[in-house]
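Remarks on the overall topology
In case you want the letters, here they are:
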Amino acid sequence: GENVEQHPSTLSVQEGDSAVIKCTYSDSASNYFPWYKQELGKRPQLIIDIRSNVGEKKDQRIAVTLNKTAKHFSLHITETQPEDSAVYFCAASSTNFGNEKLTFGTGTRLTIIP
Amino acid sequence: GAGVSQTPSNKVTEKGKYVELRCDPISGHTALYWYRQSLGQGPEFLIYFQGTGAADDSGLPNDRFFAVRPEGSVSTLKIQRTERGDSAVYLCASSETGAGSGANVLTFGAGSRLTVL
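Per chain, residues are indexed from 1 in the order of the written sequence. Chain letters and ligand numbers both follow the written order, the letters beginning at A and the numbers at 1. For a predicted model such as this one, the threshold for reporting local features is a pLDDT of at least 70, and the threshold for listing and counting side-chain atom pairs is 80 or more; totals across whole chains, interfaces and linings nevertheless cover every residue. By convention in this description, side-chain values take in all heavy atoms of the structure and omit both hydrogens and water.

Moving on: the pattern of salt bridges. Definition used for salt bridges: Asp or Glu carboxyl oxygen within 4 Å of a side-chain nitrogen of Lys or Arg. Enumeration over the complete set of coordinates arrives at seven salt bridges over all chains. Taken together, the shared-partner salt bridges in this structure form one network comprising B:Arg64, B:Glu83 and B:Asp86.

What follows is about the packing of aromatic side chains. Residue and element names in this part refer to chain A. Ring pairs are drawn from Phe, Tyr and Trp, using the six-membered ring of Trp, whenever the two centres fall within 6.5 Å, and their geometry is named by plane angle: stacked under 30 degrees, edge-to-face over 60, tilted for the rest. Tallying each qualifying case throughout the model produces 13 aromatic pairs over all chains. Both rings, one in Phe-89 and one in Phe-104, keep their centres 6.4 Å apart while their planes meet at 85°; by these two values the pair is edge-to-face. With Phe-89 in strand S9 (residues 86-92) and Phe-104 in strand S10 (residues 103-104), this residue pair connects regions lying 15 residues apart in the sequence. Across the pair, Phe-104 and Phe-89 agree in class, each one buried. Under the DSSP-based scheme used, a helix requires at least four consecutive residues in state H or I and a strand at least two consecutive residues in state E, with every element numbered from the N terminus. For every residue, the accessible area (1.4 Å probe, protein chains only) is compared with the maximum for its type, and the residue is labelled buried under 20%, exposed over 50%, or partly exposed between those bounds.

This brings us to the interface of chain A and chain B. Counting residues at the interface gives 21 residues for chain A, matched by 23 residues for chain B. Using a 1.4 Å probe, buried area is obtained as the accessible area two parts lose upon being combined, added over both of them. For the pair chain A and chain B, the two sides together bury roughly 1,700 Å², of which 51% comes from carbon and sulfur. The three residues of chain A that bury the most area against chain B are A:Arg43, A:Glu100 and A:Lys101, which together make up 33% of that side's buried surface. Along the contact surface separating chain A from chain B lie one salt bridge. Every residue pair with non-hydrogen atoms within 4.5 Å of one another is taken to be in contact.

And the structure:
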């Protein structure tokens, strides 16, 4: 089955600086890679996702890059703000029918220092 | 409904008791997932339904755990003879299926926090 590794487990960044979180996956059949943000005591919420037919996707201050050959993908947050503080999870899945479950990484606790 | 609804939000039970956790997915979402999240960990897959049938139950830890979705909408996760190690937040999610852009995009409920004393 799929195995997703995520680094770092904790990350502290000065407000206004950039944050980068990296994930690797093992199953070459995986073709969908979402990122979820989870605030304390809240549900995971999708912030951005990428499918394997593109190498990069951007949404305002958030971007995700995908390297299918190396089987890794990264989340980039620019101009960080205090409200970016949360735990971020990467995940991977295949869109083959019947095999669509997400496998999550272990999370990165991001702290933005004012 | 507008979002994924889970009840109860909190459940405290004693070791050995039986519990049921309910999930009401987004209307029209044919795929439904149960995950378990322990403190400080990522969500861990338990079971996935396509319509009424369990397409993948490989994440259920043992035969004390069972889930149903009899009409292809609401799902119930059932845990028998609860143990302290079952304490966690049980998250339900739903998604569309098929080749569209919504496929695999999971929307999570707020979770049911289970505490086994």
